[in-house]
Amino acid sequence: FRTSDGAKVVIRAGVNSGPLVAGVVGTKRPQYTVFGDTVNDAARMESTSEKMRIQCTDITYRLLRDSATHVFDIESKGGVEVKGKGIMKTWFINGATEKSKKHQSTLIENEGSTDDNCGDIHLYDDL
């Protein structure tokens with residue numbers, strides 16, 4: 001992506017899934033904000049990610065892996081040192097495509113599989 005003056009915009013993103021607390025804070029200039037370990041871990045995913053990459057936690061990976069409507073292209077980043085947590089297994093999300101109706105019905109038949117590489121995700125371990 002480039003701005004109107006031609007400058008290249010480079011981002012990195014971090015994603016986590018889990019419980020959090022949200023609410024309005026402040027009286028003079030109220031702001032809506034979110035708090036919790038889930039938010040902190042998402043921030044750590046962003047800060048340890050790479051340019052133009054989306055890094056996610058293992059719990060988010062598992063939710064994406066089990067998606068009934070989309071197939072996600074995800075690769076393992078391996079272990080990342082996270083302050084206050086130690087080593088966390090993390091993943092890069094490279095893209096997603098919508099599942100066909102046929103694939104959705106096949107997935108229901110295979111529900112309950114514990115195989116980490118069940119054909120629903122392109123998995124690249126420790127590249």
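Residues numbered from 1 in each chain as written. Predicted model: local features only at pLDDT ≥ 70, side-chain atom pairs only at ≥ 80, totals over all residues. Heavy atoms only, no water.

Caption draft 1: Expanded view of unusual backbone geometry. Even without a glycine there, the phi angle at methionine 52 is positive, about 60 degrees. Among the secondary structure elements, methionine 52 is positioned in the loop between helix H1 (37-47) and strand S4 (54-57). (Helix = DSSP H or I, 4+ residues; strand = E, 2+ residues; numbered from the N terminus.)

Caption draft 2: Inspection of H1 at higher detail. Among all positions in H1, only Thr38, Asp41, Ala42 and Met45 are buried. In an axial view of H1, the angular spread of the buried residues amounts to 105 degrees, which keeps them on one side of the axis. Buried residues along H1 sit against strand S1 (13-15), S4, strand S5 (70-82) and strand S6 (86-98). (Buried < 20%, exposed > 50% of the residue type's maximum accessible area, 1.4 Å probe, protein only. Arc of directions from axis to C-beta. Contact = heavy atoms within 4.5 Å.)

Caption draft 3: Inspection of a nonpolar patch on the surface at higher detail. Taken together, the side chains of Leu20, Val24, Tyr32 and Val34 present a nonpolar region at the surface, about 410 Å² in accessible area. Tracing the chain through its elements places valine 24 in strand S2 (residues 21-25). On the accessibility criterion, valine 24 (60% relative accessible area) is exposed. (Patch = residues over 30% accessible without salt bridge, like charges linked within 9 Å, V, L, I, M, F, W, Y side chains within 5 Å. Areas by Shrake-Rupley, 256 points an atom, 1.4 Å probe, with all protein chains shown as cover. Salt bridge = Lys/Arg side-chain N within 4 Å of Asp/Glu carboxyl O.)

Caption draft 4: Focus on helix H2 (residues 58-65). Of the residues making up H2, those classed as buried are Asp58, Thr60, Tyr61, Leu64 and Arg65. On an axial view of H2, the arc spanned by its buried residues comes to 160 degrees, and they lie on one face.

Caption draft 5: Here's a closer look at the pattern of salt bridges. All told, the structure shown has 7 salt bridges when counted by the stated rule. The closest approach of N and O atoms between arginine 12 and glutamate 46, which form a salt bridge, is 2.9 Å. Here the residue arginine 12 occupies a position in the segment before S1, and glutamate 46 occupies one in helix H1, the gap between them amounting to 34 residues. As a salt-bridge pair, arginine 65 and aspartate 66 come within 3.1 Å of each other at their nearest N and O atoms. The class for aspartate 66 is exposed, based on a relative accessible area of 51%.

Caption draft 6: Local environment of the nonpolar core. Formed by Cys56, Tyr61, Leu64, Phe72, Ile74, Trp91 and Ile93, the largest nonpolar core amounts to 7 residues. Listed by contribution, the elements that provide at least two residues to this core are H2, S5 and S6. Not counting residues up to four positions away in its chain, the partners in contact with isoleucine 93 are Ile54, Cys56, Leu64, Phe72, Asp73 and Ile74. (Core = buried A, V, L, I, M, F, W, Y, C linked by side-chain atoms within 4.5 Å.)

Caption draft 7: Looking closely at the pairing of S6. The pairing of S4 with S6 spans 4 bridges and is antiparallel. When the sheet's bridge partners are listed, glutamine 55 is paired in S6 with phenylalanine 92. Where S5 and S6 come together, 12 bridges link them in antiparallel fashion. Counted as the bridge partner of isoleucine 74 is isoleucine 93 from S6. Between S5 and S6, which follow one another and run antiparallel, lie 3 residues, and glycine 84 among them has a positive phi close to 80 degrees. (Pairing = 2+ DSSP bridges.)

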